[in-house]
Amino acid sequence: RGTTVRETTTLYSYDQATGFAVPTSKTFNIKIRPGWKEGTKITFKDEEELQDVTFVVREKRHKLFKRVKDDLHVVCELTKLEAKDGTNVSIPTLDGR
């Protein structure tokens, strides 16, 4: 499913009248694709070719799931009897179903 994240950062553009770099605020809509891992880089090329902007994906901790390589793991506590005899465990999906 992925998501879209809005991030605002400060960019600098060259002011020809003064010869100085002028700070401006710019908002980026970053489309995060499903399966992207921590460390994935998304680069936006600057139209004026002064600077590119690169965002680096950082994973948020999830209260239930943990990523292990390409898999999601979840830990469920069972009693000895449940482990021995078997039981049904309901685990919600990432989208809450």
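The structure displayed is predicted, hence computed values, not measured ones.

Moving on: a nonpolar patch on the surface. There is a patch of nonpolar side chains on the surface, built from Leu-64, Leu-78, Val-89 and Ile-91 and spanning about 300 Å² of accessible area. Looking at the secondary structure, you find Leu-78 in the loop between strand E6 (71–74) and helix H1 (80–85).

This brings us to unusual backbone geometry. The backbone of Lys-69 shows a phi angle near 55°, a positive value even though the residue is not glycine. For Lys-69, the position within the fold is in the loop between strand E5 (65–68) and E6.

With that settled, the discussion passes to the pattern of salt bridges. Per the counting criterion, the structure on display carries five salt bridges. For Asp-52, the salt bridge identified is with Lys-45, shortest N-O distance 3.4 Å. Since its relative accessible area comes to 43%, Asp-52 is described here as partly exposed. Arg-67 is paired through a salt bridge with Glu-59; the nearest N and O atoms lie 2.8 Å apart.

About the criteria used
- Position numbers for residues count from 1 along each chain, tracking the sequence in the order it is written.
- Side-chain atom pairs in this predicted model are given and counted only at pLDDT of 80 or more, local residue features only at pLDDT of at least 70, and totals for whole chains, interfaces and linings cover all residues.
- To get the side-chain values, take all heavy atoms of the structure and skip hydrogens and water.
- Within the patch definition used here, like charges are joined within 9 Å and nonpolar side chains (Val, Leu, Ile, Met, Phe, Trp, Tyr) within 5 Å, considering only residues with over 30% relative accessible area and no salt bridge.
- For every accessible area listed, the method is Shrake-Rupley and the probe measures 1.4 Å; residues are considered covered only by the protein chains on display.
- When a carboxyl oxygen of Asp or Glu lies within 4 Å of a side-chain nitrogen of Lys or Arg, that pair is called a salt bridge.
- The helix count covers DSSP runs of H or I at least four residues long, the strand count covers runs of E at least two residues long, and both are numbered beginning at the N terminus.
- Here the term buried applies to any residue with accessible area under 20% of the maximum for its type, exposed to any over 50%, and partly exposed to those in between, with areas from a 1.4 Å probe on protein chains only.

Geometry only, nothing functional implied.
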